[in-house]
Amino acid sequence: MKKILLVALGLSTIFTSCKNVLDIEDLQSLDEEKVWKDPNLVNAYMANLYTVFGNWSAGADVYSEQLVGVPFQLNTISPTAGGFKTWDYTNIRKINTAIQKVQESTSLSQEVKNSTLGEAYFLRAFVYFDMLRLYGGIPYITVPQNQATDDLNTPRNSTKESFELLVKDLDEAIKLLPQTIEKSSSNYGRIDGNFATAFKAKVLLYKASPQFNPANPYNNAYWKEANAANKAAYEQLIKNNYTLTPDYANITLQEKGPEVVFAVINTYPNKVAAWDYGVRPGSESRGPAGAVPTWDFVKEFPMKDGKLYSDPTGKYFKSDDDFLQSYWLNRDPRFDKSIVWNGKIYEVSGKAGKRQYTSLGIADALDNFGINPAAGINSTNQDRYSGFFILKNSKLSLKQTEVETQYDVDFVLMRLAEVLLNYAETANETGDLGTAQDMLNQLRKRAGIEAGTDGKYGITATNRDQMREAILAERNIELCFEGHRFWDLRRSRKLKTLDKGTKFGVEAIAIDADGSDMDIKQANALAKTYQLKEANFKYSILQVPKNGVKVSEVPDTYYFFPIQQSIIDRNPKVLQNKDWGGAFNPTME
C-alpha cells in the first residue's frame, strides 16, 4: 500500500483534483484503512491504476504490415517464450481491493463512492478484456484474494462467461459514472459514461467476431447484440456533441478536441511520452527512428477519388511503374498528413521550407536509405528503414533537443472515428449496408476525399462481403499507427494477410532532366537549399530487411495465444488452450 501511494504521488497530475494529496502529512506512515477514509487518498489510489491505459508507442503497429520489422520468426510465440504474456492479476487485486474497501467505507460520500466504483468496475473490465482477447476465457476474479486463507488455484471461466462478466462490470460502471465529463472540467481525463458505453460496444464487437466464432463468423446471434450496443454508443456520442475533428492532421494535436472519447493526459514536465523520439528522422531526433512505414502500406492509401491507384475505374488509375515514380501525387489527403517521404516539405523544429531527404549520399546518415553505388558510402539503415517516416501525431514545433523529454500530446485511447468504424462493421453484418456506407462517408468526407458522382467517396461495395473488406481497409488507413491493425486482422481471422509476406522500402536517386543519374556532388549542393523536389528523383523498390528475411510464420494458432507455462505451473487449474497442447476451448463455441 505504501508503494502504491508513493507511485500515486507521481501520477497525481493526471487529475487536477488530486493536488490536495500533496498536502497530506507523512504519507509513508499511513495504514491501509486510513486510505479508504480520505477521498484524496482514494483519488490518488485510482490515479495509480490509470497506468493500465498505457501511453504513446511509436511501434504500436509493428506486428502488422504498416511498419518495417520482422516480429514473428518461426516459433516466436510458445508457452515459454515470446510476447503476449499479459497476466495482470496484480492490478486486478488492486482494483478488487478498491471495490471492496469503498463499498465497506462509512466515511466516503455517496458521490465519491459512485465515481470510484464506476471507475473501478470499468478498469477491471479493461484489464480483463486485454487478457480475454489474448487467450479467451480467464479466471474472472471479483474479490481481493487473501494469500493466507484463500484457495488461489482458480480455474478459467469459459469465454462466454468471461464476456458476460466483463459486460456486467461495464454496465455497472455506466450506471455509476457521470455520462459526460466536459473537456473544460477539472476532471477531464477520468473515465466517463461515454467512454464506458463506447468500450462496451467494442467488447461486444469482439464477442461476435470471427476470432471467437470461427465456425459461424458472420451469421452468429452475437452480431445483433453488438450492433445494438454500437448504435447506442454512436447515438449517445453524437447527442453529447462529439464530432469528427475537421482536419485529420489535428485529431490528437488539437488536445481535448471534439473527436476525443478518452485520452491519457500528458503534461510537460510532469508526464511526457516518446512518440516524436520514435518516429522522427534520426537527424531531427536523438537517434535513428524506431518505427517507419513500409512501401506495402504506402500503397494502401487510396487516391483522391477514394479508389486504389491500381483500380482501372479510378480517376487516378496508374500502372505499377508509373505509380512508383509519382506515388505522392493525388493521394487521399490523409497520406500527406501521415507519411514523410523523400523530398516532402517537412518544416520540423521551425525550419521553414525544409525538405526531408532519404536518398543515399544526399540525406543525413541517420536518415538515408538505399544502395546507390554512386554515393560512395554504405547506408547503415537498410535493415531498419524504408525511405519513409511517420508524420501523424508528430509535434513538429519541438526542437531536436526536446523530442525525448517534452512530447506531451495527450494519448488518445479512443476517438469517435473508431466508434464509427465499429458501428459500420456491426451494421454491415446485420444487413444494414446503408448505415455502414454512411459511417465510411463521414470519415472520407472529413479526410477530403472526392465524393464522386454517386456520393460514395470511392466506396464501390454493393454487398456485405465487399463492404466488410471496405471497412477493414478504411480502418487500416484511418487508424494507422494507432495500434489497431494487427488486432483487426486477428479479430477478423485474416492473419494470413501477414503470413510469409515480404516488406519493402523505396530508394530515391537524384536525376537530371534527361533521366540520367545526377552527379552526387551537384545533388548534394541542390539539396542543401531544398531545391530537389520529389520529381527530381527516380525510385526503385528494395526489400527490407536487406537480408531477405520474411515476415515468418503467423499461424492460425495465433488467434489465441498460449498462457505462460509458469502460470500453469503455479496454478494447475488454469488449463492451456487446445491449440497449444491443452484442453481449453477459447472460442465462444
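To start, this report covers the structure provided alongside it. (Residues numbered from 1 in each chain as written. Predicted model: local features only at pLDDT ≥ 70, side-chain atom pairs only at ≥ 80, totals over all residues. Heavy atoms only, no water.)

Comments concerning the layout of surface pockets
As a reminder, the rule being used: Here a cavity denotes a set of grid points, spaced 1 Å apart and computed over the protein atoms alone, in which a 1.4 Å probe fits but from which it cannot get out, and a pocket denotes an open set meeting protein on both sides within 12 Å along at least five of seven lines; residues with an atom within 4 Å of a point are reported as lining. Grid points are joined across faces, edges and corners, and a volume is the space filled by probe spheres set on the points. Starting at the N terminus, helices and strands are each numbered in turn, a helix being any DSSP run of H or I of at least four residues and a strand any DSSP run of E of at least two. Gly falls in the polar group here, along with every residue not listed as nonpolar (Ala, Val, Leu, Ile, Met, Phe, Trp, Tyr, Cys, Pro) or charged (Asp, Glu, Lys, Arg).
Taken as a whole, the largest pocket holds about 970 Å³ of empty space. Along the wall of the largest pocket there are 37 residues; nearest its centre are Asp-130, Arg-133, Leu-413, Gly-483 and Trp-487. Elements represented by at least two residues in the lining of the largest pocket include exactly helix 5 (110-135), helix 7 (193-208), strand 6 (411-415) and helix 16 (485-491). Per-element accounting of the lining of the largest pocket gives the leading share, six residues, to helix 5. Residues that form the lining of the largest pocket fall into these classes: 21 nonpolar, seven polar and nine charged.

Structural notes on the nonpolar core
Our working definition: What makes a nonpolar core is a set of buried Ala, Val, Leu, Ile, Met, Phe, Trp, Tyr and Cys residues whose side-chain atoms join them at distances within 4.5 Å. Only protein chains enter the accessibility calculation, which uses a 1.4 Å probe; a residue whose area is less than 20% of its type maximum is buried, one above 50% is exposed, and one in between is partly exposed. Contacts are assigned to residue pairs with any non-hydrogen atoms lying within 4.5 Å of each other.
Counting residues in each nonpolar core, the largest one holds 149 residues, and the members touching the most others are Phe-53, Phe-122 and Tyr-327. The biggest single contributor to this core is helix 5, with 14 residues. Apart from the residues lying within four places of it in its own chain, the contact partners of Phe-122 are Phe-53, Leu-170, Ala-173, Ile-191, Phe-195, Ala-196 and Phe-199. Counting residues in hydrophobic clusters, the runner-up holds 12 residues, among them Val-68, Tyr-385, Leu-391 and Val-544.

Thoughts on helix 4 (residues 89-104)
Put simply, the rule is: Here, expected helix span is obtained from the residue count minus one, scaled by 1.5 Å.
Spanning 16 residues, helix 4 covers 22 Å between terminal C-alpha atoms, matching the ideal 22 Å at 1.5 Å per step. All of the buried residues along helix 4 are Tyr-89, Asn-91, Ile-92, Ile-95, Asn-96, Thr-97, Ala-98, Ile-99, Lys-101 and Val-102. Where helix 4 is buried, its residues touch helix 2 (32-35), helix 3 (39-49) and helix 5.

Quick notes on the environment of Tyr-558
Cut-off, in case you're wondering: As used in this structure description, the phrase polar contact means that two N or O atoms lie within 3.5 Å; if the pair is within protein, one of them must be able to donate a hydrogen and the other to accept it, and residues adjacent in sequence are counted only when both atoms belong to side chains.
Its location among the elements puts Tyr-558 in the loop between strand 8 (537-544) and helix 18 (565-570). By relative accessible area, which is 2% here, Tyr-558 ends up buried. Excluding anything up to four places from it in sequence, Tyr-558 contacts Phe-72, Thr-76, Ile-77, Arg-490, Leu-495, Glu-553 and Trp-580. Of note is the side chain of Tyr-558, whose polar atom sits 3.4 Å from the backbone nitrogen of Ile-77.

Let's talk about the side chain of Glu-425
Tracing the sequence through the fold places Glu-425 in helix 13 (residues 416-429). Residue classification places Glu-425 among the buried positions, given a relative accessible area of 12%. Apart from residues no more than four positions distant in its own chain, Glu-425 is found in contact with Leu-205, Trp-223, Ile-471, Arg-475 and Arg-491.

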